[in-house]
Amino acid sequence: MVEISCHGSPQIVKEIIEIFIENGGRLAGRGEFTKRAFINGKLDLTQAEAIIDLIEAKTEKSASSARSQLMGELKRLIEGIREKVKQILMKIEATLDFPDDIEEIVSPEEIKKIISEIDDTIKTSKYGKLVREGISLAIIGRPNVGKSSLLNLLLKDERAIVADIPGTTRDTIEEQINVRGYLINLVDTAGLHNLEVGAVESMGMNRTRAAASEADIILFVCEATDPFNNDDNRILSSIDVKKAIYVVNKTDLRGYQAKEGEVGLSIVNRIGIVELEDRIVEKIENIVEPREYGGINERQKERLIVAENALKRGAAGINAKATLEMIAIDIKEGFDALGEITGQEGTEEVIAGIFDRFCVGK
Ligand SMILES: Nc1nc2c(ncn2[C@@H]2O[C@H](COP(=O)(O)OP(=O)(O)OP(=O)(O)O)[C@@H](O)[C@H]2O)c(=O)[nH]1
Ligand SMILES: [Mg+2]
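Along each chain, residues carry numbers from 1 onward, in the same order as the chain's sequence is written. Going through the entries in the order they are written, you letter the chains from A and number the ligands from 1. Totals for whole chains, interfaces and linings use every residue, but because this is a predicted model, local features are given only for residues with pLDDT of at least 70 and side-chain atom pairs only at 80 or more, for both listing and counting. Think of the side-chain values as coming from all heavy atoms in the structure, minus any hydrogens and water.

**Comments concerning the site of ligand 1**
At step 1: Taken together, 23 residues surround ligand 1, and among them K147, S149, G167, T169 and I267 come closest.
At step 2: Under the rule applied, a polar contact is a pair of N or O atoms within 3.5 Å (in protein, one hydrogen donor and one hydrogen acceptor; residues adjacent in sequence only if both atoms are side-chain atoms). In the model, an oxygen atom of ligand 1 is placed 2.7 Å from a nitrogen or oxygen of the G167 main chain.
At step 3: One nitrogen or oxygen atom from the side chain of K250 is found 3.0 Å from an oxygen atom belonging to ligand 1.
At step 4: For ligand 1, the protein covers 89% of the area, taking 650 Å² as the surface of the free molecule.
At step 5: Note on conventions: DSSP H or I runs of at least 4 residues are helices, E runs of at least 2 residues are strands, and numbering of each starts at the N terminus. Among the elements that line the shell around ligand 1, the one with the most residues is helix α9 (residues 147-155), at three residues.
At step 6: When residue character is reported, Ala, Val, Leu, Ile, Met, Phe, Trp, Tyr, Cys and Pro are called nonpolar, Asp, Glu, Lys and Arg charged, and the others, Gly included, polar. In terms of residue class, the shell around ligand 1 is made up of nine nonpolar, 10 polar and four charged. When we say a residue is near a molecule or strand, we mean one of its heavy atoms is within 4 Å of it. Where accessible areas are quoted, they stem from the Shrake-Rupley method and a 1.4 Å probe; at the residue level, only the protein chains shown are allowed to cover.

Written as structure tokens, this is what we have:
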């Protein structure tokens, strides 16, 4: 390996690269260095994927999840499960020529234990999705209650226009924020009301309704001067209140005693923010069980489901006294699917797909 230190001007770098290429060198491909580490057995596929996760990590929790996967946490887990499947497969294969009562060789309970281990791992995909993609949180309420002010406050930036005119926000505004290490996709929306509206405002309100139904969490905002009035209640009846955190804003205008399950807020006086964050975190941790370390990604989840289903068929086969060959086919399918997670099995295509997500130089 040769490392070149040169002056940083693009022209000098370009000329040096050209000299190398003229002499038989070539530019590295996407993720080529990581791919080589994978091919040489220094990393498995889950660790290679963790490198992308780490590069893309936007919050502490995203980074620590990626780091634990990079250290081989998931690799060891999957290899452990796969080893157990292999033991079963070997037992079946060893007795293929001496057909005996299959239940004496492998019990369905043994397979069920593995299935439940796989199931536990699949459950971590919720946390995996949270740390990779974030959780969606929509700010919903009637016009002028301070929704955009709340977005700006949480974002610590004057992103959205705030004005004392109902109907200021026409379109949804999306931004990512970090609340105590959790990645949140925050959506500010157009205020919902029942008055005559023009075409643009009505399109905006349709987007609000879509945002409310897609959100994992809804910040329902109303005003301390007139909290939970008919308009508020009409909105509340149109959303899934299980997802809602009730926020009563503008408590500076009129003293408001927040009831159980409500957060009193004054955005102008910056009062109630810590409590609001507490509620958001609480809500997230109700939806997704917090974990010390990583959750699996969509690819890994899909392969685990394939493995789980194959093993279920294998266990059913044993119960139904199917032939050893038939049972072995199912168990082997499970074994292979697990191997595709770590990259011990699998096509060049899958592997190429993973490294294509890298940038050059990684
Ligand atoms: N007194 C007081 N005024 C506030 C507070 N929060 C927001 N406001 C004011 O309320 C008005 C409306 O705020 P916005 O954030 O634009 O309200 P909105 O809910 O986004 O309104 P639409 O986009 O029209 O639906 C602005 O004049 C804000 O300055 C608060 O805590 N106290
Ligand atoms: Mg607004």
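**Thoughts on the packing of aromatic side chains**
In this description, a pair of aromatic rings is defined by centroid distance and the angle of the planes.
At step 1: To pair, rings of Phe, Tyr and Trp, with the six-membered ring standing in for Trp, must have centres within 6.5 Å; the planes then decide the type, stacked if under 30 degrees apart, edge-to-face if over 60, and tilted in the middle. On inspection of all chains with the given rule, the structure shows five aromatic pairs.
At step 2: For the ring pair F355 and F358, a centre distance of 5.5 Å and an interplane angle of 25° mean the geometry is stacked.
At step 3: Any residue under 20% of the maximum accessible area for its type is buried, any over 50% is exposed, and the rest in between are partly exposed; the area is computed with a 1.4 Å probe on protein chains only. For F358, a relative accessible area of 2% puts it in the buried group.
At step 4: Chaining the aromatic ring pairs together yields one cluster made of F38, F355 and F358.

**Remarks on the pattern of salt bridges**
At step 1: Any carboxyl oxygen of Asp or Glu within 4 Å of a side-chain nitrogen of Lys or Arg constitutes a salt bridge here. For the structure shown, the criterion picks out 27 salt bridges.
At step 2: The partner of E18 in a salt bridge is K14, and the shortest N-O contact between them spans 3.6 Å. Taken together, the residues span about one helical turn, with E18 and K14 both in helix α1 (residues 10-22) at a distance of four residues.
At step 3: Notably, a salt bridge pairs D330 with R313, separated by 3.3 Å at the nearest N-O pair. With D330 in helix α14 (residues 324-342) and R313 in helix α13 (residues 298-319), this pair connects stretches of sequence that are 17 residues apart.
At step 4: In this structure D330 comes out as buried when scored by relative accessible area, which is 16%.
At step 5: Via salt bridges that share partners, R26, E32 and R36 belong to a single interconnected network.

**Overview of the coordination of the magnesium ion (ligand 2)**
At step 1: The protein atoms that coordinate the magnesium ion (ligand 2) are S148 (OG) and T169 (OG1), at distances spanning 2.0 to 2.1 Å. Separated by 21 residues along the polypeptide, S148 in helix α9 and T169 in the loop between α9 and β2 (173-179) bring together distant segments of the chain.
At step 2: A relative accessible area of 12% places T169 in the buried class. The donor set comprises N, O and S atoms within 2.8 Å of the metal, extended to 3.2 Å for Na, K and Ca; water molecules are omitted, so apparent gaps in a site may simply reflect that omission.

**Examining the sheet that holds strand β3 (residues 182-188)**
At step 1: If you walk across this open sheet you meet the six strands as β2-β3-β1-β4-β5-β6, and the pairing is mixed. Both outer strands of the open sheet, β2 and β6 (262-264), are each paired with one neighbouring strand and no more. The mean angle between the axes of side-by-side strands here comes to 25°, regardless of whether they run parallel or antiparallel.
At step 2: A pair of strands counts as paired when DSSP detects no fewer than two bridges linking them. Pairing between strand β4 (residues 217-223) and strand β5 (residues 244-249): six bridges, direction parallel. Bridge pairing in β5 places I218 opposite A244.
At step 3: In what follows, residue pairs with any heavy atoms lying within 4.5 Å of each other are defined as contacts. Every axis corresponds to a line fitted to the C-alpha atoms, with the helix fit spanning only the stretch in contact, and the corresponding angles, defined between N-to-C directions, vary from 0 to 180 degrees. Running at roughly 135° to strand β1 (residues 135-141), helix α10 (residues 199-214) makes contact with β1, β3 and β4 of the sheet.

**Quick notes on the environment of M326**
At step 1: Its place among the elements puts M326 in helix α14.
At step 2: Taking relative accessible area as the criterion, M326 reaches 49% and is therefore assigned partly exposed.
At step 3: Considering only alpha carbons, one finds M326 and A210, 116 residues apart in sequence, at a separation of 48 Å.

**What about the domain arrangement of the protein chain?**
Size of an interface: often given as the accessible area lost when the parts come together.
At step 1: Residue ranges labeled as domains rest on an automatic or database domain assignment. Taken as a whole, the protein chain is organised into domain 1 (60-124 + 294-355) and domain 2 (131-287).
At step 2: Here the C-alpha centre of domain 2 lies 44 Å away from the C-alpha centre of domain 1.
At step 3: Contacts between the two partners involve eight residues from domain 1, matched on the other side by six residues from domain 2.
At step 4: Take the accessible area each of two parts loses on contact, using a 1.4 Å probe, and add the two losses: that sum is the buried area. Each partner contributes to the roughly 610 Å² buried at the junction of domain 1 and domain 2, and carbon and sulfur atoms together form 46% of this total.

**Concerning the nonpolar core**
At step 1: Definition of nonpolar core: a set of buried residues of the types Ala, Val, Leu, Ile, Met, Phe, Trp, Tyr and Cys, connected through side-chain atoms within 4.5 Å. Core analysis: the biggest nonpolar cluster contains 33 residues, and L150, I184, L219, I245, L276, I280 and I284 have the highest contact counts within it.
At step 2: Put simply, the parts of the chain that give this core at least two residues each are α8 (125-133), β1, α9, β2, β3, β4, β5 and α12 (273-287).
At step 3: Setting aside residues up to four positions removed in sequence, L150 forms contacts with I139, L219, V221, L265, I267 and L276.
At step 4: Formed by 28 residues, the second largest nonpolar core is a distinct cluster that contains I78, I81, I122 and L304.

**Examining unusual backbone geometry**
At step 1: Positive phi outside glycine occurs at K250, with the angle close to 65°.
At step 2: Locating K250 in the fold gives a position in the loop between β5 and β6.

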